[in-house]
Amino acid sequence: MQPREIMSQPGPETPLIGAFIADAYLGRYWAIAIFSIIYAIGMILLTLSAYVHGLTPSCDANGCHPTSAQTAASFVPLYSIALGAGAIKPCVSLS
């Protein structure tokens, strides 16, 4: 599975997840606060994955060769950003 195909998946479902959690458990304002923190943590982790030397893949003339930990260090922040941004969308649009 290509990264493009993997990252196209969490987009449409995250507003539904956020709306359900906000309505059933947290309330609108707590959902905005919690998912904003998840979004901010994802942005920090994504920044660290670009700047920390051990998390960037080694590249040569044949391309870049990431390890599984480096791949995870790239995808986990992207998924948390998608979850955080998508989950606050239905809560903010109702305000």
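Given the structure is predicted, the values throughout are model-derived calculations rather than measurements.

Taken as a whole and judged by the stated rule, the model has 1 aromatic pair. For the pair Phe20 and Tyr25, a centre-to-centre distance of 5.8 Å together with 80 degrees between the ring planes defines the contact as edge-to-face.

Turning our eyes to something else, we now look at the UniProt feature "transmembrane region" (unreviewed entry) in the protein chain. In the numbering used here, UniProt assigns the feature "transmembrane region" (unreviewed entry) to residues 29-52. Counting secondary structure, residues 29-52 comes out at 96% helix and 0% strand; the distance between its end C-alpha atoms is 34 Å.

Tallied over the full model, the rule gives 1 disulfide. Across the disulfide from Cys59 sits Cys64; the S-S distance is 2.0 Å. Between Cys59 and Cys64, the S-S dihedral sits near 95 degrees, and the bridge is therefore right-handed.

This part is about the nonpolar core. By size, the foremost hydrophobic cluster in this structure holds 6 residues: Ala22, Ala31, Ile32, Phe35, Ala87 and Cys91. Among residues more than four places away in sequence, those in contact with Ala31 are Ala22, Leu26, Ser36, Ile88 and Cys91.

Right, let's get into the side chain of Gln70. Locating Gln70 in the fold gives a position in helix α4 (residues 68-93). Within polar-contact distance, the side chain of Gln70 engages the backbone oxygen of Gly54 at 3.2 Å. Excluding residues within four positions of it along the chain, Gln70 makes contact with Gly54, Leu55, Thr56, Pro57 and His65.

Attention now moves to helix α3 (residues 28-51). Over its 24 residues, α3 runs 35 Å from end to end, which matches the ideal 34 Å to within 8%, given 1.5 Å per residue. Within the sequence span of α3, burial applies to Ala31, Ile32, Phe35, Gly42 and Ser49.

What follows deals with the environment of Met43. Following the sequence through the fold, Met43 ends up in helix α3. Met43 sits in the partly exposed class, given a relative accessible area of 36%.

About the cut-offs
- Residues numbered from 1 in each chain as written.
- Predicted model: local features only at pLDDT ≥ 70, side-chain atom pairs only at ≥ 80, totals over all residues.
- Heavy atoms only, no water.
- Phe/Tyr/Trp six-rings, centres within 6.5 Å; stacked < 30°, edge-to-face > 60°.
- UniProt positions renumbered as here; feature names shortened; annotations may be inferred.
- Helix = DSSP H or I, 4+ residues; strand = E, 2+ residues; numbered from the N terminus.
- Disulfide = S-S within 2.5 Å.
- Core = buried A, V, L, I, M, F, W, Y, C linked by side-chain atoms within 4.5 Å.
- Buried < 20%, exposed > 50% of the residue type's maximum accessible area, 1.4 Å probe, protein only.
- Contact = heavy atoms within 4.5 Å.
- Polar contact = N/O pair within 3.5 Å; in protein donor to acceptor, adjacent residues only side chain to side chain.
- Expected span 1.5 Å × (residues − 1).

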